[in-house]
Amino acid sequence: MAKLAVPLLIFFFLLSCIPSQAAPPLQTPLQTPIQKDHSTSQYIITAYLKTPLMPTKLVLDLGATYSWVNCDDYISSTYQHVPCNSSISNSLSGYGCEDICDGPPGPNCANNSFLFIPNNPIKPVDYKKVNGLNDALVDYLALLNNLGSLSSIDNFIFSCARTGFLKGLAKGVTGLASLGNSNLSIPVQINKAFSSSPNCFAMCLSGSISQPGVALFGSKGPYNFLHGIDLSKSLLYTPLIFNPFGKDFDPYSHRSPEYYVGLTSIKVNGKMVAFNKALLAFNDRGYGGTRISTVVPYTKLQSSIYKAFTLAFLKEAASSAFNLTTTKPVKPFRVCYPAGAVKTTQMGPAVPIIELVLDRQDVVWKMFGSNSMVRVTKKSVDVWCLGFVDGGIDGPSIMIGGLQLEDNLLQFDLQSQKLGFSSSILSKGTNCADYEFPTRKV
């Protein structure tokens, strides 16, 4: 029978129950390809789990507290449950303890087992049909190192989930990979296992149909791409900000795992967009701010910001520099142009440049046509659409989505709490599919 009671120190309690070994040196960076699933616009990493190690496809989520895997068919000779410690009185919503397993023993059912409530960020789980409480597990996780072999963590903590949690996720995916700012995220657990490595990870999302991007863990560089290009030298830096109200204003959450940046203004074609700048700060409900997300395909803007932004873009696109006239829009977009009227450049469609001005006036994230426009072709329709959508009035005021992140290198320095960003690396003559992966050793 499950009862809610969360031990704040369970993470350390668990590690004390596992035989300690000297941490091996980390051949950094650990890395994994990130493949875009174009039917869902989700970004998928491949990690190796279980014993024997098995490739496992997981949806990448920058805002998740911990990873989870479907355990309905989980088979491994090394998994362990996380024991409860009910003497610790502190509790947080979303955790629990299973005193007695009331089903067949297995990965998702054990006596005296710590519980999580995993979350599907794509399609909310119907808890009337699917049990939300799921066992926490410890097992091996491995990723490719820079020598071409696998480096493993033998005490990787994650949550089980049931098959019903997979609804809305890409075909072949069996769970979710947390890259959030949490003690249980993949980058932080890698740092705990290999403490000599920096508490830092980088990612470069590819929009290619066939060629993946990359996630890199435990290294601040170099990040070597084809033609001898080291993108760690092309980064600007801005502070990472964390929602003081916790994740999605959960009153029981003490630290938000989601990454925000301090946006101060938006420019279109060099001209300031006029909107209520107070929306860029958190209000007393935890709404507002500018979040980075890999689980929304296009940037969402709070309704009043979206209106001002699209009006500014329409005005600049109609100017003599571009001379573009709109056509009938295609949902979910509201601003579209005939494809034949839009010129193509190295940086994508020739449209007004969008600039996100961050903590200083000289720290600017530039978005060219490749990151602002979406090509829509179906039947007799062939248009380029502005890839930003109306996000309503609640939640983050701006949520920077997948399209705007593609072919940009992002470095999340969790120790210094700062974000390094490159803007579009197409300007460097490379792209995220050009990362030089090491040759895999059998």
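Each remark here, short or long, concerns the structure printed above.
Keep in mind that this is a model prediction, so the values were computed, not measured. (Residues numbered from 1 in each chain as written. Predicted model: local features only at pLDDT ≥ 70, side-chain atom pairs only at ≥ 80, totals over all residues. Heavy atoms only, no water.)

**Q** I'm lost on the overall build of the chain in this one. Help?
**A** The number of helices and strands found in the chain is five helices and 32 strands. Scored against the burial criterion, the 442 residues of the chain give a buried share of 55%. Across the chain, contacts joining residues at least 24 apart in sequence account for 70% of those joining residues at least 6 apart. With the model as given, the accessible surface of the chain reaches about 19,300 Å², and the carbon-plus-sulfur share is 54%. (Helix = DSSP H or I, 4+ residues; strand = E, 2+ residues; numbered from the N terminus. Buried < 20%, exposed > 50% of the residue type's maximum accessible area, 1.4 Å probe, protein only. Contact = heavy atoms within 4.5 Å. Areas by Shrake-Rupley, 256 points an atom, 1.4 Å probe, with all protein chains shown as cover.)

**Q** Explain the sheet that holds strand β19 (residues 271-272) here, please?
**A** Sheets are built from strands that pair by backbone hydrogen bonding, the pairs being arranged parallel or antiparallel. Taken together, the four strands give an open sheet; going across it, the order is β19-β18-β25-β26, and neighbouring strands pair in antiparallel fashion. Of all strands in the sheet, those bounded by a partner on one side alone are β19 and β26 (364-367). Strand direction decides the pairing type here: strand β25 (residues 354-357) and β26, joined by four bridges, are antiparallel. Along β26, the bridge assignment pairs E355 with K366. Across the sheet, helix α3 (residues 303-317) touches β18 (265-268), β19 and β25, and the angle it forms with β18 is around 25 degrees. (Pairing = 2+ DSSP bridges. Axes fitted to C-alpha atoms, helices over the stretch in contact; angles between N-to-C directions.)

**Q** Hey, could you run me through the pattern of salt bridges in this one?
**A** Close approach of charged atoms allows side chains of opposite charge to pair. For the coordinates displayed, the defined rule picks out eight salt bridges. We note a salt bridge from D359 to R360, for which the minimum N-O separation is 3.9 Å. Taking the relative accessible area as the measure of exposure, R360 reaches 44% and is therefore partly exposed. Where salt bridges share partners, they join D359, R360 and D362 into one cluster. (Salt bridge = Lys/Arg side-chain N within 4 Å of Asp/Glu carboxyl O.)

**Q** What's the story with the pairing of strand β8 (residues 113-116) in this structure? I'm lost.
**A** The two faces of the sheet receive side chains in turn, since in a regular strand these alternate between them. Side chains S113 and L115 of β8 all project onto a buried face; the interleaved residues F114 and F116 project onto the opposite face, where all are buried too. One ladder, built from two bridges, connects β8 with strand β9 (residues 134-144); its direction is antiparallel. By the bridge assignment, F116 is partnered in β9 with N134.

**Q** What should I look at first to understand the environment of N183 in this one?
**A** Mapping N183 onto the fold places it in the loop between β11 (175-178) and α2 (186-193). Once the C-alpha coordinates of N183 and P257 are considered, the two residues, 74 residues apart in sequence, prove to be 9.2 Å apart.

**Q** Help me out: how do you make sense of the nonpolar core in this one?
**A** As a rule of thumb, soluble globular proteins bury nonpolar side chains together. By size, the foremost hydrophobic cluster in this structure holds 74 residues, and its most contacted members are I266, I292, W365 and F412. Residue-level mapping places this core at the junction of two domains, with at least three residues from each of domain 1 (30-197) and domain 2 (225-428). Discounting residues that sit within four places of it in the chain, I266 has contacts with K271, M272, V273, F275, I305, F309, I354, E355, L356 and I398. In terms of nonpolar packing, the next biggest core, distinct from the first, is built from 14 residues, C204, V214, F225 and L409 among them. (Core = buried A, V, L, I, M, F, W, Y, C linked by side-chain atoms within 4.5 Å. Domains from an automatic or database assignment.)

**Q** Honestly, the packing of aromatic side chains in this entry has me stumped. Any pointers?
**A** For any two aromatic rings, the description comes down to two numbers: the centre-to-centre distance and the angle of the planes. Applying the stated criterion across every chain, the model contains 18 aromatic pairs. A ring pair is formed by Y66 and F116, whose centres lie 4.1 Å apart and whose planes are at 25 degrees; its orientation type is stacked. Residue Y66 is located in the loop between β4 (54-61) and β5 (68-70), and its partner F116 is located in strand β8; the two are separated by 50 residues in the primary sequence. Each member of the pair, Y66 as well as F116, carries the same accessibility label: buried. (Phe/Tyr/Trp six-rings, centres within 6.5 Å; stacked < 30°, edge-to-face > 60°.)

**Q** I'm lost on the sheet that holds strand β28 (residues 381-386) in this one. Help?
**A** Read from one edge of the open sheet, three strands run β22-β28-β27, paired in antiparallel fashion. Two strands lie at the open edges of the sheet, namely β22 (336-338) and β27 (373-378), each paired on one side alone. Across the sheet, the axes of successive neighbouring strands diverge by a mean angle of 30 degrees, strand direction being ignored. Across three bridges, the pairing between β22 and β28 is antiparallel. Paired with Y337 across the two strands is W384, which belongs to β28.

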